[in-house]
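Summary of structural features
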Amino acid sequence: MSKPLRFVALPIAVGAACLPVSAQAYVGPGASLTAIGMLIALVAAILLALVGFVWYPMKRVMRNRADRQDARTMGASDERRRE
């Protein structure tokens with residue numbers, strides 16, 4: 001066998017040896033319900049993490065803007081009372 005062919009044949013042979021012929025697996029009802037519940041919990045945790053990292057800082061910014069607007073409005077009303 002020539003040297004370049006050897007470099008191609010070896011990865012192909014290793015890859016073919018790693019491929020499964022058939023998977024004969026049974027997942028019982030308890031394990032499958034646990035897996036489904038874990039998947040739902042994982043998706044919920046990711047969504048809640050996104051909400052925590054995006055929504056709450058936005059909420060704080062909106063509250064700060066509203067407080068500043070209220071302070072400006074109250075300051076303007078105080079100026080009118082003085083006149």
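Described below are features of the structure shown in this document. (Residues numbered from 1 in each chain as written. Predicted model: local features only at pLDDT ≥ 70, side-chain atom pairs only at ≥ 80, totals over all residues. Heavy atoms only, no water.)

What the protein contains, in helices and strands, is 2 helices and 0 strands. In the protein, which comprises 83 residues, the share counted as buried stands at 1%. Surface summary for the protein: the accessible area is close to 7900 Å², and the carbon and sulfur share equals 69%. (Helix = DSSP H or I, 4+ residues; strand = E, 2+ residues; numbered from the N terminus. Buried < 20%, exposed > 50% of the residue type's maximum accessible area, 1.4 Å probe, protein only. Areas by Shrake-Rupley, 256 points an atom, 1.4 Å probe, with all protein chains shown as cover.)

A few words on a nonpolar patch on the surface. Nonpolar side chains collect at one region of the surface, where Met 38, Leu 39, Leu 42, Val 43, Ile 46, Leu 47 and Leu 50 lie side by side and expose about 680 Å² of accessible area between them. Along the polypeptide, Leu 42 turns up in helix H2 (residues 29–82). You can call Leu 42 partly exposed: its relative accessible area is 43%. (Patch = residues over 30% accessible without salt bridge, like charges linked within 9 Å, V, L, I, M, F, W, Y side chains within 5 Å. Salt bridge = Lys/Arg side-chain N within 4 Å of Asp/Glu carboxyl O.)

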